[in-house]
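Coordinates in review
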Amino acid sequence: MSFVRIKSENIVERRINGKNGPQIIREQRACILLGDGYESTFNVGLGDGPSYQVGDYVLHPDSYGQNNYGEPALKRPKLWPLSVAIKQCGIPLAPAKAG
C-alpha cells in the first residue's frame, strides 16, 4: 500500500492553450512516503473538485491500470483518506504496546 501525505491545501493553477482553447489545470502537491524518512513529491490533479485536506492518504484502487504493454501502471491518482481505507478494507490495527 502506498502512503501519501498532503501537507498543504494550496492549489496550483496553470493556464495552457489546449486543442479546444484555453484550459486551467488545477493541481495540489502531495508526497509519497517511501520509508526510512524519505518521500517523493508529485502533483495530484483536482479537475473541478475541491483540494484535499491536510492529512494521510493511500492511493485509491481506481488509480491503477495498465499501460500499452499490459503492465501495471499508475493512472490519474485519486487519494483515499487513510482512516476510510482502513475501515473499508478491514485492515486490523496493531494494538499499542504497553510502555
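What comes next is a walk through the structure. What you are looking at is a predicted structure, and each value in this text was computed from that prediction instead of being measured.

Considerations on the overall build of the chain
Across its full length, the chain holds 1 helix and 8 strands. Tracing the chain from N to C terminus, the helices and strands come up as β-β-β-β-β-β-β-β-α. When each of the 99 residues of the chain is scored for burial, the buried share is 21%. Taking all contacts inside the chain whose residues are at least 6 apart in sequence as the whole, residues at least 24 apart take part in 39%. When the accessible area of the chain is evaluated, it comes to approximately 7,600 Å², of which 51% is carbon and sulfur surface.

Here's the deal with the pairing of strand β5 (residues 55-59)
Of the strand pairs in this sheet, strand β1 (residues 3-6) and β5 are connected by 4 bridges, and their pairing is antiparallel. Each residue of the ladder has a partner; that of V4, found in β5, is Y57. For β5 and strand β8 (residues 79-81), the ladder comprises 3 bridges, and the chain directions are antiparallel. If you follow L59 over to β8, its bridge partner there is L79.

Comments concerning the pattern of salt bridges
The full count for this structure, using the stated rule, is 6 salt bridges. Among the salt bridges present, the one from E13 reaches R26, with a minimum N-O distance of 3.8 Å. Taken together, the positions of E13 in strand β2 (residues 12-18) and R26 in strand β3 (residues 21-35) put the pair 13 residues apart, joining distant regions of the chain. We classify E13 as partly exposed; its relative accessible area is 43%. For R26, a relative accessible area of 17% puts it in the buried group. In this structure, the salt-bridge partner of K78 is D62, at a minimum N-O distance of 3.7 Å. With K78 in the loop between β7 (72-74) and β8 and D62 in the loop between β5 and β6 (64-66), this pair connects stretches of sequence that are 16 residues apart.

The rules behind the values
Residues numbered from 1 in each chain as written. Predicted model: local features only at pLDDT ≥ 70, side-chain atom pairs only at ≥ 80, totals over all residues. Heavy atoms only, no water. Helix = DSSP H or I, 4+ residues; strand = E, 2+ residues; numbered from the N terminus. Buried < 20%, exposed > 50% of the residue type's maximum accessible area, 1.4 Å probe, protein only. Contact = heavy atoms within 4.5 Å. Areas by Shrake-Rupley, 256 points an atom, 1.4 Å probe, with all protein chains shown as cover. Pairing = 2+ DSSP bridges. Salt bridge = Lys/Arg side-chain N within 4 Å of Asp/Glu carboxyl O.

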